[in-house]
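Observations on chain architecture
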Amino acid sequence: MVRETITTSMSCRQCGALQQCIHTATARSEGLSFASSFHCLECGDAFESDDSRIPEDLRPLFYETHGKWALRLEEPGPRRVQLLHAVRDVMGLSLQDTGELLKSLPRQLAEGTRVEMELLQARLAPSGAKLLIERDTSTTQ
């Protein structure tokens, strides 16, 4: 299980005191789990929320704290058809786009948080493909 956490500040909706809100992204066998929790130390107000994806407004903070990561497909492996199906399913690509992607190996498949890349790698690994997770240095954080 891979987990990344960031902390943001927000005003309490009850008393207005500035407090910390903790946001955690976790890769689990069932998929990505995202949770936010807030507890006001002044008045005791609290909330928690869960989702299956990282909110886009928090994504830059995850990149700033933990870096941006890429999943690179080096070799499709012996089960090429299984890989094609997995890539199409996980990444939502058309059959034509998937074919073009495999013709251009080695190449980067996706980029995002490390948690997302670990999850994607785990979903594609049963195909026997050679997949590498590496810090994405193509963009500045």
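To start, this report covers the structure provided alongside it. (Residues numbered from 1 in each chain as written. Predicted model: local features only at pLDDT ≥ 70, side-chain atom pairs only at ≥ 80, totals over all residues. Heavy atoms only, no water.)

Considering the pattern of salt bridges
A complete count under the given rule lists six salt bridges for this structure. Arg59 is paired through a salt bridge with Glu56; the nearest N and O atoms lie 3.3 Å apart. Here Arg59 falls in the buried class, since its relative accessible area comes to 12%. Classification of Glu56 by relative accessible area gives exposed; the value is 53%. The shortest N-O distance in the salt bridge between Arg114 and Glu118 comes to 2.9 Å. Taken as a pair, Arg114 and Glu118 lie in helix 4 (residues 114-124) at a separation of four residues, close to a single helical turn. (Salt bridge = Lys/Arg side-chain N within 4 Å of Asp/Glu carboxyl O. Buried < 20%, exposed > 50% of the residue type's maximum accessible area, 1.4 Å probe, protein only. Helix = DSSP H or I, 4+ residues; strand = E, 2+ residues; numbered from the N terminus.)

With respect to the sheet that holds strand 2 (residues 18-28)
Taking strand neighbours across the sheet as the criterion, the four strands line up as 1-2-3-4 in an open arrangement whose pairing is antiparallel. The outermost strands of the open sheet, each flanked by one partner alone, are strand 1 (2-11) and strand 4 (46-51). Averaged over all pairs of adjacent strands, the angle between their axes in this sheet comes to 15 degrees, without regard to strand direction. Where strand 1 lies against strand 2, ten bridges are found, and the strand directions are antiparallel. (Pairing = 2+ DSSP bridges. Axes fitted to C-alpha atoms, helices over the stretch in contact; angles between N-to-C directions.)

A few points about the sheet that holds strand 7 (residues 130-135)
Spatial strand order, 6-5-7: three strands in an open sheet with antiparallel pairing. For this open sheet the edge positions go to strand 6 (107-112) and strand 7, each flanked by a neighbour on one side alone. Ignoring strand direction, the axes of neighbouring strands in this sheet form an average angle of 25 degrees. Two elements, strand 5 (residues 69-75) and strand 6, share five bridges in a ladder whose sense is antiparallel. By the bridge assignment for strand 6, Trp69 is matched with Gly112.

All we've got here are geometric facts, nothing functional implied.
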